[in-house]
Amino acid sequence: ETLIGSDSHTPTAGGIGMLAFGAGGMDVAVAMGGGAYYLACPRVVGVRLHGKLSYGVAAKDIILEVLRRLTVKGGVGKVMEYIGDGVKTLSVPERATITNMGAELGATSSVFPYDSHMMDYLRKTGREEIVLMANKIAGDLRADKAVYENPSKFYDQVITIDLSTLEPQVSGPFSPDADMNLSEMKENVKKKGLSDKIEAVLIGSCTNSSYEDISRAASIAQQALDHGISVKCPMFLSPGSNLVKATMDRDGLTQVFQKLGVTVLANACGPCVGMWNRKNNPKRKNTIVHGFNRNFRKRNDGNPLTEAFLVSPDIAVAYALGGRLSFNPMTDTVTGKDGKAVKLEVPHGNELP
C-alpha cells in the first residue's frame, strides 16, 4: 500500500511501514478523482542504525543527526529507508518522529521495515486485520538479507549512525540542520552570541505528540511538581489530535502539565506555523525552544529576530525549568522549594497507553 496526502508530514506513516508521500493539494485532488499521480523515480538512501540510544536520548535526536549530516536539501529526490540492528530498539512512535521529519530533509518519503514492534502496535490499536495481511507478505516489507549484508551495493547512498554515541541535540536557530550537542550549548551560547534567556517553550505538534512523547515530557513535569520547581518562562502544549488530547485527559497527563502552569492549546498546528497569541511578542532578539519540526526565521511568531531551537519534548520541559539555553539538564541542577539543588531524573514514557 502507498499513501499520498496534501501535508508535508504525510510520510509520518512510514513509521509503521507505509510508503507515504506528501504532495501538492492539486495532485491529491486529481488522484482522489481517479487520475494518475506522477513523481520522478527517487533515489534510495539506506540509513543504517547500530546499537541503542542511551538513557535520556530520544528519537528526535536521531533525525536531527541525519539533518546535521545531510542538510535540509540532502533528501531531495530521495526515499530514506532505515535499516540495521538499531531499528529493532525503536518503538513505533519513535520511528514516526523520524519519518515525520524526513520532510525537513526534503525527502520524498521515509520508511521503516515491518517487524514485531509494528505487529504489536497494530494489534494494541485494534488493527489485527492489517497484521494478518502484513504477516503473509512480511518478507516483502523489509530489506532482503543480502541488502543488510552489503547495503552499499543496493542503495544510492548509505549513512551509518551508532545510536549509542548520540546525545541530546539542540538545533537552531533558523534551520533544522543547524545541529549542536546539548553538552556544547554553554560554550555555543558565548561563542555564537546566542540569547541565553529562554522566553517561551512549546511542545506537542505532529512531530512529538505521541503518547510516548507526552508521557516522557509529563515525567519531567511531575518531577518539577514533586520538588516544587516552577517554570521560568511561559510554556505551551499543542496536542497532536483530538484522540491524543482525550487520552491525555483520561490518564491525568493534561492535569500534570496544567498544575505546572502550562497552557494547553487547540489540537492544531498552532505555534508551529505561527498561530498562537504570543503576548508581548518582543521586537528584539530573543530565544524560544520547542519540540516541533521547523524553526525557520519568522515561522513560529512572525518576528525575524526570534531564534527558535528544536529539541525533544522532554528536553524542552527541562529547559522551561532551567530557563537558560546554556542549562544542561543532564548535568546541571535546578532549585527545589526547600532551596536544595535537584538533579532531574531521566524521563520515562510508555509506547502505548
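By convention here, each chain's residues receive numbers from 1 onward along its written sequence. The model is predicted, so local features are restricted to residues of pLDDT at least 70 and side-chain atom pairs to those at 80 or more, both for listing and for counting; the totals for chains, interfaces and linings are taken over all residues. Only heavy atoms go into the side-chain values, all of them from the structure, while hydrogens and water stay out.

> A description of the pattern of salt bridges should follow, citing residues and the corresponding values.
What makes a salt bridge here is a side-chain nitrogen of Lys or Arg within 4 Å of a carboxyl oxygen of Asp or Glu, nothing more. Under the criterion given, the structure shown has 14 salt bridges. Residues Glu-65 and Arg-69 are paired through a salt bridge, measuring 2.9 Å at the closest nitrogen-oxygen approach. Residue Glu-65 and its partner Arg-69 are located together in helix H2 (residues 59-70), separated by 4 residues, close to a single helical turn. Only protein chains enter the accessibility calculation, which uses a 1.4 Å probe. A residue is then buried if its area is under 20% of the maximum for its type, exposed if over 50%, and partly exposed in between. Classification of Glu-65 as buried rests on a relative accessible area of 7%. Under the relative-accessibility criterion, Arg-69 is labelled partly exposed at 38%. Each of Glu-65, Arg-68 and Arg-69 takes part in a single network of salt bridges with overlapping partners. Only DSSP runs of H or I covering at least 4 residues are called helices, and only runs of E covering at least 2 are called strands; the numbering of each starts at the N terminus.

> Explain the environment of His-50 to me, and be specific about the residues and the numbers.
Structurally, His-50 is set in strand E3 (residues 43-50). Taking relative accessible area as the criterion, His-50 reaches 29% and is therefore assigned partly exposed. Through-space distance from the C-alpha of His-50 to that of Ile-161 is 6.2 Å; in sequence the pair is 111 residues apart. Ignoring any residue separated from it by four or fewer positions in sequence, one finds His-50 in contact with Asp-85, Gly-86, Thr-160, Ile-161, Asp-162, Leu-163 and Ser-164. We define a polar contact as two N or O atoms separated by no more than 3.5 Å, with the added condition that, inside protein, one atom must be a possible hydrogen donor and the other a possible acceptor, whereas residues neighbouring each other in sequence contribute only through side-chain atom pairs. Here the side chain of His-50 touches Asp-85 through a polar contact of 2.6 Å, side chain to side chain. Whether two residues are in contact is decided by their heavy atoms: any pair within 4.5 Å suffices.

> Which residues make up the packing of helix H3 (residues 92-100) against helix H5 (residues 116-124), and what values do they have?
Lines fitted to the C-alpha atoms define the axes, with helices restricted to the stretch that makes contact. Angles between their N-to-C directions range from 0 to 180 degrees. It is at 10 Å that the axes of H3 and H5 come closest, and there the two elements cross at 105 degrees. One finds that H3 runs roughly perpendicular with respect to H5. In this structure, H3 contributes Val-92, Pro-93 and Arg-95 to the contact, and H5 contributes His-117, Met-118 and Tyr-121. Following the grouping adopted for this structure description, the nonpolar residues are Ala, Val, Leu, Ile, Met, Phe, Trp, Tyr, Cys and Pro, the charged ones are Asp, Glu, Lys and Arg, and the polar ones are all others, Gly among them. The class makeup of the residues in the contact of H3 with H5 is 4 nonpolar, 1 polar and 1 charged. By the definition adopted for this analysis, an angle is roughly parallel if under 35 degrees, roughly antiparallel if over 145, roughly perpendicular if from 65 to 115, and oblique otherwise.

> Lay out unusual backbone geometry with the relevant residues and their values.
Of note, the bond from Gly-172 into Pro-173 is cis; its omega dihedral lies within 30 degrees of zero at -5 degrees. When you line up the elements, Pro-173 lands in the loop between strand E7 (169-171) and strand E8 (179-181). The phi dihedral of Thr-71 is positive, around 75 degrees, even though this residue is not glycine. Residue Thr-71 is classed as partly exposed on the basis of its relative accessible area, which comes to 34%. One non-glycine residue, Phe-174, adopts positive backbone phi at about 75 degrees. Tracing the sequence through the fold places Phe-174 in the loop between E7 and E8. A relative accessible area of 21% means that Phe-174 is categorised as partly exposed.

> Got a sec to walk through the pairing of strand E13 (residues 306-310)? Specific residues and values, please.
Along E13, 5 of the 5 residues are buried, which leaves the element largely enclosed by surrounding structure. Here E13 shows two buried faces, one formed by Thr-306, Ala-308 and Leu-310 and the other by Glu-307 and Phe-309. For two strands to pair, DSSP has to find at least two bridges joining them. By the bridge criterion, 5 bridges tie strand E12 (residues 286-290) to E13 in an arrangement that is parallel. In the strand pairing of E13, His-290 is matched with Leu-310.

> Please set out the packing of aromatic side chains residue by residue, giving values where relevant.
When two rings of Phe, Tyr or Trp (its six-membered ring) have centres within 6.5 Å they constitute a pair, described as stacked for plane angles under 30 degrees, edge-to-face for angles over 60, and tilted for the intermediate range. This structure, assessed with the given rule, holds 3 aromatic pairs. Geometrically, the ring pair formed by Phe-21 and Tyr-37 is tilted, given 6.3 Å between the ring centres and 45 degrees between the ring planes. Of the two residues, Phe-21 is situated in strand E2 (residues 19-22) and Tyr-37 in the loop between helix H1 (25-32) and E3; the sequence distance between them amounts to 16 residues. A residue is classified by how much of its surface remains accessible, and Tyr-37, at 26% relative accessible area, is partly exposed. On the basis of an interplanar angle of 80 degrees and a centroid distance of 5.2 Å, the ring pair of Phe-236 and Trp-276 is categorised as edge-to-face. Residue Phe-236 is found in strand E10 (residues 235-238), and its partner Trp-276 is found in the loop between strand E11 (263-264) and E12; the two are separated by 40 residues along the sequence. Ring-over charges, as used throughout, are those where CZ of Arg or NZ of Lys falls within 6 Å of the ring centre and within 35 degrees of the ring normal. Over the face of the ring belonging to Phe-174 we find Arg-297, whose NZ or CZ atom lies 3.8 Å from the ring centre.

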